[in-house]
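Report on the structure
Each chain is listed here by its residues.
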Amino acid sequence: MRRAIVSDIHGNLEALEAVLEDAQAQGAEEIYCLGDLIGYGPNPRECIDIAMDRFKLTLMGNHDQAAIFDPEGFNQGAERAILWTREQLESRGNPRQNERRWEFLGELPRRHEEGDLLFVHGSPRAPLHEYIFPEDIYNRRKMERLFQMIPRYCFVGHTHVPGIFLESGEFLEPTDLPGGEFRLPQDQKIIVNVGSVGQPRDQDPRACYVILENGKLTFRRVPYEVEKTIEKIYRIPALDNYLGDRLRLGR
Ligand code: ZN
């Protein structure tokens, strides 16, 4: 079974459509999403609709949760984007479809386990909120604790920085891997950050996701019409222009 694992779409429809096309061309039969469908980007409703129709699994991310409940602990720009997103989900369009989206978001699971694979948005310890950054490899206590909590292989998003944490203490960037490919090791646990579809933060503006099949994973980078998304963001006063500018820079 060839599976695409995506995360952190953040209402970026152009990036999501480009990734879906790429995943299909790669022969992906199922799509798993590790959360944050919305927040920051200009097309929350369209991205939720695609998730409802096409994703086999969607987990809840911290931005999804904040849109349904109350935003807490976000910076001002992110908070304004969340409140604007909520308004889009509450007031515009067909009330029945609004309700469907609302129910779908409210029922998203926080974690999903399948054999030796664990899927979460942030971390196995605090699925919605904890970040695992590349520099955390220097925090042995944190990483040891996280590795204790996973069956064998764990897939996360949340930081928007793709790469692989090895139990032995290393962090591998996708550019370290020949062809972006990596074989799941038999002798140690790993945590894979699949990167972000809609707001990459590793200085590469292309959408990022992972293909998983038969113990092999591949990081994919997909160009999309960044300027089109930026234009939409500029036109919405509640979304800071910075949210567009950062897409161009991949940060
Ligand atoms: Zn995110």
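So, here is what we can say about the structure in this document. (Residues numbered from 1 in each chain as written. Predicted model: local features only at pLDDT ≥ 70, side-chain atom pairs only at ≥ 80, totals over all residues. Heavy atoms only, no water.)

1. A word on the overall build of the chain
Looking only at helices and strands, the chain has eight helices and twelve strands in total. On C-alpha atoms alone, the chain measures out to a radius of gyration of 17 Å, which is about the 18 Å that the 2.2 N^0.38 rule sets for 251 residues. With respect to the three principal axes, the spread of C-alpha positions in the chain is 50 × 35 × 30 Å. Here the chain holds 251 residues, and 60% of them are scored as buried. Restricting the contact set of the chain to residue pairs at least 6 apart, pairs at least 24 apart contribute 73%. Surface summary for the chain: the accessible area is close to 11200 Å², and the carbon and sulfur share equals 45%. Of the side-chain charges in the chain, 32 are positive and 41 negative, and the distance between the mean point of each set is 1 Å. (Helix = DSSP H or I, 4+ residues; strand = E, 2+ residues; numbered from the N terminus. Rg over C-alpha atoms; globule rule 2.2 N^0.38 Å. Buried < 20%, exposed > 50% of the residue type's maximum accessible area, 1.4 Å probe, protein only. Contact = heavy atoms within 4.5 Å. Areas by Shrake-Rupley, 256 points an atom, 1.4 Å probe, with all protein chains shown as cover. Lys, Arg positive; Asp, Glu negative; His and termini not counted. Charge placed at Lys NZ, Arg CZ, Asp CG, Glu CD.)

2. Considerations on the environment of Val161
With respect to the secondary-structure elements, Val161 resides in the loop between strand S6 (153-156) and strand S7 (163-166). Remark: the alpha-carbon pair of Val161 and Leu89, spanning 72 residues in sequence, is separated by 28 Å.

3. Focus: the coordination of the zinc ion
Bound to the zinc ion on the protein side are Asp8 (OD), His10 (NE2), Asp36 (OD) and His160 (NE2), at distances that span 2.0 to 2.4 Å. One way to put it: the four donor atoms around the zinc ion meet at angles of 85 to 176°, and that makes the site irregular. Donor residues for the zinc ion, ordered by position in the chain, follow D-x1-H-x25-D-x123-H. Of the two residues, Asp8 sits in the loop between strand S1 (3-6) and helix H1 (13-25) while Asp36 sits in the loop between strand S2 (30-33) and helix H2 (44-54), which places them 28 residues apart along the sequence. (Donors = N, O, S within 2.8 Å, 3.2 Å for Na, K, Ca; no water. Tetrahedral: all angles 85-135°; square planar, octahedral: opposite > 155°, others 65-115°.)

4. Thoughts on the pattern of salt bridges
Scanning the model with the defined rule gives 19 salt bridges in all. In this structure, the salt-bridge partner of Arg86 is Asp70, at a minimum N-O distance of 3.7 Å. Pair noted here: Arg86 is in helix H4 (residues 76-91) and Asp70 is in the loop between helix H3 (62-68) and H4, with a separation of 16 residues, a long-range link. Classification of Asp70 by relative accessible area gives exposed; the value is 58%. Each of Asp202, Asp204, Arg206 and Arg221 takes part in salt bridges that share partners, so that together they form one network. (Salt bridge = Lys/Arg side-chain N within 4 Å of Asp/Glu carboxyl O.)

5. A look at the side chain of Gln65
Looking at the secondary structure, you find Gln65 in helix H3. For Gln65, the residues in contact, after removing those within four places along its chain, are Met60, Arg110, Leu128 and His129.

6. Points about the sheet that holds strand S8 (residues 171-172)
Taken in spatial order, the six strands make up an open sheet running S4-S5-S6-S10-S7-S8, and their pairing is mixed. Looking at the sheet topology across the chains shown, the edges are occupied by strand S4 (111-114) and S8. In this sheet, strand S10 (residues 190-193) lies alongside S6 in parallel orientation, the contact comprising four bridges. Within S10, the position partnered with Tyr153 by the bridge is Ile190. Contacts between helix H6 (residues 140-148) and the sheet are confined to S7 and S10, with S10 contributing the most and set at about 100° to the helix. (Pairing = 2+ DSSP bridges. Axes fitted to C-alpha atoms, helices over the stretch in contact; angles between N-to-C directions.)

7. Quick notes on helix H5 (residues 95-106)
The terminal C-alpha atoms of H5 lie 16 Å apart, and with twelve residues this matches the ideal 16 Å at 1.5 Å per residue to within 8%. Along its buried surface, H5 packs onto H2, H3 and H4. Residue Asn94 occupies the N-cap position of H5, its side-chain oxygen lying 2.7 Å from the main-chain nitrogen of Arg96. (Expected span 1.5 Å × (residues − 1). Polar contact = N/O pair within 3.5 Å; in protein donor to acceptor, adjacent residues only side chain to side chain.)

8. Some details on the nonpolar core
One finds Val6, Ile9, Leu37 and Phe55 to be the most contacted residues of the largest nonpolar core, which totals 47 residues. A total of seven residues in this core trace back to one element, the largest contributor, which is H1. Among residues more than four places away in sequence, those in contact with Phe55 are Val6, Ile9, Leu16, Leu20, Ile31, Cys33, Leu37 and Ile50. In terms of nonpolar packing, the next biggest core, distinct from the first, is built from 23 residues, Leu34, Leu172, Leu184 and Val194 among them. (Core = buried A, V, L, I, M, F, W, Y, C linked by side-chain atoms within 4.5 Å.)

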